[in-house]
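As a plain string of letters, each chain reads:
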Amino acid sequence: MSIDPTSPESERQAHRARYEALRAAGQGESARALPPLTDRGHTLPDDAVLHREHLPGGWYWTTRLARGEALRIVNTAGTSAVSMVAWCEADPSERLNTADTMKVQWCTGLRKGRILYTEMGRVALSMIEDTSGAHDPLVGPTTQASMAAKLGPGVARNSRDNFLAAAAKLGLSRRDVPLCVNFFAPVGIAEDGRFIWRSGQRAPGDFVDLRAEMDLWVVLSNAGHPLDPELRALPEAIDVLRFAAPPPGDNDACRHACGEAELAFELTERHVRRGSKS
């Protein structure tokens, strides 16, 4: 019995087929085409480094990151988890969106070759180098309550309050702070759907390089991760280098990871060009 191509059932089947095709691309060939993790010996040229920051445990750092610049976040001791939020400099209502970052790329973990989306479907940052492959866009930041539950009340700073303080200095409010990405946070999902912490996936000297695809305000917080079984009130310090990233080539892994990534970069380039003419 044939199905009327204009019927609701036919439309449902067409949507399902499109969904399955996108899932196959996102979880299949595209995922297998991701580049290998970066060797820890991959150094930056001295003349590319624009600024160096040493971020103590519990504290945060705010920086303007221009398009074409990048941040290298170094897990110096191998025990820290670093949380990050970001806003478009020209219009802070456009900000990092972890939900879209996961949804469009069909992934719940981030690594080299992935991109970080804004809520406008554009690209904020590209993960151009990465030694760890253990980054979490799911759980969110430490909070006053989560730190108190593990360490006692009032003994430790937390990333949520750090982000609120940074936002206030930029003229933003609580409602402007998006959900963060947690770097060096080996979070997995168990078969029953619970979050789990996969110990042993961090090492001293691990780093991730994030290239800005638009002018951004970026905040990093070195205040632990809610699921870390060895959470400390004062994590070890991390190092951050802001540097001039090499221009993306024709085979840039982030730009050509899949059709959706290419579209996001096209939208971003169009947006940047419009902004430069205003």
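For the structure itself, consult the block above.
Presented here is a report on the structure given in the accompanying data block. As the structure is a prediction and not an experimental result, all values here were calculated from the model.

**A look at the overall build of the protein chain**
- When you go through the protein chain residue by residue, the secondary structure sums to 5 helices and 12 strands.
- A compact globule built from 278 residues should have a C-alpha radius of gyration of about 19 Å, and the protein chain, at 20 Å, falls within 12% of that.
- Based on the C-alpha atoms only, the size of the protein chain along its principal axes is roughly 70 × 50 × 40 Å.
- For the protein chain, buried positions account for 48% of its 278 residues.
- Split by element, the accessible area of the protein chain, about 13,600 Å² in all, is 53% carbon and sulfur.
- Taken as two groups, the 33 positive and 36 negative side-chain charges of the protein chain have centres that lie 3 Å from each other.

**Description of unusual backbone geometry**
- For W106, which is not a glycine, the phi torsion comes out positive at approximately 55°.
- Along the chain, W106 turns up in the loop between α2 (98–105) and β5 (115–117).
- In this structure W106 comes out as partly exposed when scored by relative accessible area, which is 23%.
- You will see that F184, though not glycine, has its phi angle at about 60°, which is positive.
- Tracing the chain through its elements places F184 in the loop between β7 (181–183) and β8 (187–189).
- Given the relative accessible area of 0%, F184 is considered buried.

**Description of the sheet that holds strand β6 (residues 123–130)**
- With respect to topology, 6 strands assemble into an open sheet ordered β1-β12-β3-β10-β6-β5, the strand pairing being antiparallel. Every other strand in the sheet has two partners, leaving β1 (49–55) and β5 as the edge strands with one partner each. On average, each strand axis in the sheet is inclined to that of its neighbour by 20°, with strand direction left out of account.
- Pairing of β5 with β6, which is carried by 3 bridges, proceeds in the antiparallel orientation. Counterpart to L116 in the pairing with β6 is L125.

How each quantity is defined
- Residues numbered from 1 in each chain as written.
- Predicted model: local features only at pLDDT ≥ 70, side-chain atom pairs only at ≥ 80, totals over all residues.
- Heavy atoms only, no water.
- Helix = DSSP H or I, 4+ residues; strand = E, 2+ residues; numbered from the N terminus.
- Rg over C-alpha atoms; globule rule 2.2 N^0.38 Å.
- Buried < 20%, exposed > 50% of the residue type's maximum accessible area, 1.4 Å probe, protein only.
- Areas by Shrake-Rupley, 256 points an atom, 1.4 Å probe, with all protein chains shown as cover.
- Lys, Arg positive; Asp, Glu negative; His and termini not counted.
- Charge placed at Lys NZ, Arg CZ, Asp CG, Glu CD.
- Pairing = 2+ DSSP bridges.
- Axes fitted to C-alpha atoms, helices over the stretch in contact; angles between N-to-C directions.

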